[in-house]
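# Commentary on secondary and tertiary structure
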Amino acid sequence: MKKTVFLTGATGNMGWAGLQELLKKNDQFNIVILARPSKKNKKKLAPLQDKIKVVWGDLTKYEDVLRGVTGADYVLHVGGRVSPATDYYPKSTLYVNVTAAQNIVNAILAQPNADDIKAVYIGSVAQTSDRNAPVHWGRTGDPICSSVYDHYGISKIKAERIFAESGLKHWVSLRQSGILYPGILKNFDPIMFHVPIKGMLEWATVEDSGRLLANVCGDDVPDEFWNRFYNISSGPEYRMTNYDFERRILKACYCPKPEKIFNANWFVLRNFHGQYYLDADVLENYLHFRANIPIDEYFRQMSNTLPKIFKAAKIVPPFILKAVMRPMANKKQWGTQWWIKHNDENRIKAYYGSKEAWANIPDWAHTDLSQPVGQEGAVHIDHGYDESKPLSALSLEELQKAAEFRGGKLISTSYSGNPAEQLEWECHKGHRFNASPLLILEGGHWCPECLPPAWDYDDLAEHSKFFAQVWAPHHKGEHNYYGPEIFDGWED
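A few points on the structure. Here the structure is a predicted model, which means the values were calculated and not measured.

Evaluated as defined, the whole model comprises 4 cavities of 30 Å³ or more. The space that makes up the largest cavity amounts to roughly 50 Å³. For the largest cavity, the full set of lining residues is Ser124, Val125, Thr128, Arg139, Thr140, Arg175, Asn231, Gln275 and Tyr277. Of the residues that constitute the lining of the largest cavity, the class distribution is 2 nonpolar, 5 polar and 2 charged.

Listed below in structure tokens is the structure:
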């Protein structure tokens, strides 16, 4: 008997790839998608009208979501606002992504067979912010932390919490990394300089991401897979420093190396997101979604999708290409060099540390572009409890110590051993909140009231040994505070 899969975000990059993989298994699945009734979407989906059911609607409207969820065996929630729109429209990003998550959960819980429905939420690496060396190796359970100004990261943190604490019997959060897809070669935007050149990311291809969406609906996925958090990546082959990524992207576009067309100080020093994964293979071992294409071959394949006109870049002198790139670094409000010229103190502080730090960025000839330490020398973030034990075997005392490690307290005086049990906790500021041991210990979450804005991470790091591990290496001795007022005047 066919299962019904409801997919959101089907017209986006990852969702479209997932839809193509599901269509390959149309003998197993009835496919329902939710799409906005735009002219572009209608044209894109027209060839599939006999193969799928389209619910024309909006993720922020509960009744539209309910129509898609009703009758579904699997709900794959991929849709929502993504970069670069999220940078330009922070307020609506929070509204859309958080409201959509709550609508999905509410619609599932409204079903008579809610306990049988399996919900897949696509989270983000942006939930764990800066992880530059020496703490560039990470795993699920590490501290949740959105970068300053990153409303997208905040929206994904809040949405993930909604799923994990919803009471759904079968949910999973798959935290997506940066996605490689052919269209990325054409993305030229000031935010390309919002990444530290020595930062790093373990990428995922769009094809692998599509396969995992189809494979998670398979009968061979065991029960133990559900109610957990996972990192998505295409494997160790796809670990790149941001410099390596820029070099490969430019080569694919027939452009010279970054040194030829960018200034080193156009790139920020911190406050983005990205890491290499200590748990990269956990999801792959369950879903077997990787094609294992060598990375240089994958970039060659992407390059082959470009219009022939791009080859003209090979004969354009580098100084002309640099002149074309310079306006992006100087774009009003968004360009890194606009911040410097107009002394945007909050942006400079967040992304560079100080104007002096920006001024001291060496030129390319004196920039260390070597690879950071490998996995054998990785710094493992301490999660503050005995991870050799299942959460169900932890004692109340062990949970109390985990809370103290996070700078707070466990208020509840008993624990049944159910990792999903709602316990009462208190953060160092005295905020009391309910959360499951699963969310806190395996998800890396903490006090919802302390979520940005405001960003008061220096204060948090002073009180939380857990959080200090990822924050102090790049902010030690600082006392920065970014309140909601830094967004005054921002209108979507």
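Turning to the side chain of asparagine 271, a few remarks are in order. Following the sequence through the fold, asparagine 271 ends up in the loop between helix H9 (258-261) and strand S13 (276-277). Here valine 148 takes part through its backbone nitrogen, which lies 2.9 Å from a polar atom of the side chain of asparagine 271. Beyond its immediate chain neighbours, meaning those up to four positions away, asparagine 271 contacts Asp130, Ser147, Val148, Ala350 and Tyr351.

Let's shift gears to the side chain of aspartate 150. Along the polypeptide, aspartate 150 turns up in the loop between strand S6 (137-138) and helix H6 (151-164). For the buried aspartate 150, no salt bridge exists, and the shortest N-O distance to an oppositely charged side chain is 9.8 Å, to arginine 347. Among the polar contacts made by the side chain of aspartate 150, one reaches the main-chain amide nitrogen of glycine 153 at a distance of 2.9 Å. Setting aside its immediate chain neighbours within four residues, aspartate 150 contacts Ala126, His273 and Trp455.

We now examine the layout of surface pockets. In this structure, the second largest pocket spans a volume of roughly 490 Å³. The class makeup of the residues in the lining of the second largest pocket is 15 nonpolar, 8 polar and 3 charged.

The interhelical angle for the contact between helix H5 (residues 90-109) and H6, taken along N-to-C directions, is 15 degrees, at an axis separation of 9 Å. The orientation of H5 with respect to H6, classified from their angle, is roughly parallel. The handedness of the crossing between H5 and H6 is right-handed. Residues Pro90, Thr93, Leu94, Asn97, Val98, Ala101, Gln102, Ile104 and Val105 of H5 form the contact with H6, whose participating residues are His151, Tyr152, Ile154, Ser155, Lys156, Lys158, Ala159, Ile162 and Phe163. When its residues are assigned to classes, the contact of H5 with H6 shows 11 nonpolar, 5 polar and 2 charged.

Here the focus is helix H1 (residues 13-23). Each full turn of the α-helix corresponds to 3.6 residues, which orients residues three or four apart in the same direction. Across the 11 residues that make up H1, a large majority, 8, are buried. Those residues of H1 that sit buried are Met14, Gly15, Ala17, Gly18, Leu19, Glu21, Leu22 and Leu23.

With that out of the way, let us pick up the packing of H1 against helix H7 (residues 206-215). As a packed pair, H1 and H7 sit with axes 7 Å apart at the nearest point and diverge in direction by 55 degrees. Comparing their axes, H7 and H1 come out oblique. Relative to H7, the crossing made by H1 is right-handed. Contact with H1, carried on its side by Asn13, Met14, Ala17, Gly18, Glu21 and Leu22, involves Val206, Ser209, Gly210, Arg211, Leu212, Leu213 and Ala214 of H7 and no other residues of that element. Within the contact of H1 with H7, the residues separate by chemical class into 7 nonpolar, 4 polar and 2 charged.

With that settled, the discussion passes to a nonpolar patch on the surface. The grouping of Phe319, Ile320 and Val324 at the surface amounts to a nonpolar patch, some 320 Å² of accessible area in total. The topology assignment puts isoleucine 320 in helix H12 (residues 318-329). Residue isoleucine 320 is classed as partly exposed on the basis of its relative accessible area, which comes to 38%.

Across the sheet, which stays open at both edges, the 7 strands sit in the order S3-S2-S1-S4-S5-S7-S11 with parallel pairing between neighbours. Among the strands making up the open sheet, the edge pair consists of strand S3 (53-56) and strand S11 (229-231). Between one strand axis and the next, the sheet turns by 20 degrees as a mean value, whatever way the strands run. As judged from the 6 bridges shared by strand S5 (residues 118-124) and strand S7 (residues 171-176), these two strands associate in the parallel manner. Following the sheet pairing, serine 124 is matched in S7 by glutamine 176. Against the sheet, H5 makes contact with strand S1 (3-8), strand S4 (74-77) and S5, and its axis sits at roughly 175 degrees relative to S4, the strand it touches most.

So, on to the pairing of S3. Judged from the 4 bridges that link them, strand S2 (residues 29-35) and S3 form a sheet pairing that is parallel. Bridged to valine 32 within S3 is lysine 53. The parallel pair S2 and S3 is bridged by helix H2 (residues 39-45), and the resulting crossover is right-handed.

With that out of the way, let us pick up the nonpolar core. Counting 101 residues, the largest nonpolar core has Leu174, Phe225 and Phe262 as the members making the most contacts within it. If sequence neighbours within four positions are ignored, phenylalanine 262 has contacts with Met192, Phe193, Glu246, Leu250, Phe267, Lys322, Met325 and Trp364. Judged by nonpolar contacts, the second largest core, of 44 residues, contains Leu59, Val65, Ala159 and Phe433.

This next bit is on the pattern of salt bridges. Two side chains bearing opposite charge may form a pair once their charged atoms approach each other closely. All told, the structure shown has 17 salt bridges when counted by the stated rule. Between glutamate 21 and lysine 24 there is a salt bridge, with the nearest N and O atoms lying 3.1 Å from each other. Note on glutamate 21: relative accessible area 13%, which makes it buried.

With antiparallel pairing, 3 strands are arranged side by side in an open sheet as S14-S15-S16. Where the open sheet ends on each side, the last strands, each with one partner, are strand S14 (409-410) and strand S16 (432-435). Strand direction decides the pairing type here: S14 and strand S15 (residues 423-426), joined by 2 bridges, are antiparallel. Residue leucine 410 lies in a different strand from S15, and its bridge partner there is tryptophan 425.

The rules behind the values
- Residues numbered from 1 in each chain as written.
- Predicted model: local features only at pLDDT ≥ 70, side-chain atom pairs only at ≥ 80, totals over all residues.
- Heavy atoms only, no water.
- 1 Å grid on protein atoms, 1.4 Å probe; cavity = no way out; pocket = protein on both sides within 12 Å on 5 of 7 lines; lining within 4 Å.
- Points joined across faces, edges and corners; volume = space filled by probe spheres on them.
- Nonpolar A, V, L, I, M, F, W, Y, C, P; charged D, E, K, R; others polar.
- Helix = DSSP H or I, 4+ residues; strand = E, 2+ residues; numbered from the N terminus.
- Polar contact = N/O pair within 3.5 Å; in protein donor to acceptor, adjacent residues only side chain to side chain.
- Contact = heavy atoms within 4.5 Å.
- Buried < 20%, exposed > 50% of the residue type's maximum accessible area, 1.4 Å probe, protein only.
- Lys, Arg positive; Asp, Glu negative; His and termini not counted.
- Salt bridge = Lys/Arg side-chain N within 4 Å of Asp/Glu carboxyl O.
- Axes fitted to C-alpha atoms, helices over the stretch in contact; angles between N-to-C directions.
- Parallel < 35°, antiparallel > 145°, perpendicular 65-115°, else oblique.
- Left-handed = near helix turned anticlockwise from the far one by under 90°.
- Patch = residues over 30% accessible without salt bridge, like charges linked within 9 Å, V, L, I, M, F, W, Y side chains within 5 Å.
- Areas by Shrake-Rupley, 256 points an atom, 1.4 Å probe, with all protein chains shown as cover.
- Pairing = 2+ DSSP bridges.
- Right-handed = clockwise from strand over helix to strand, strands pointing away.
- Core = buried A, V, L, I, M, F, W, Y, C linked by side-chain atoms within 4.5 Å.

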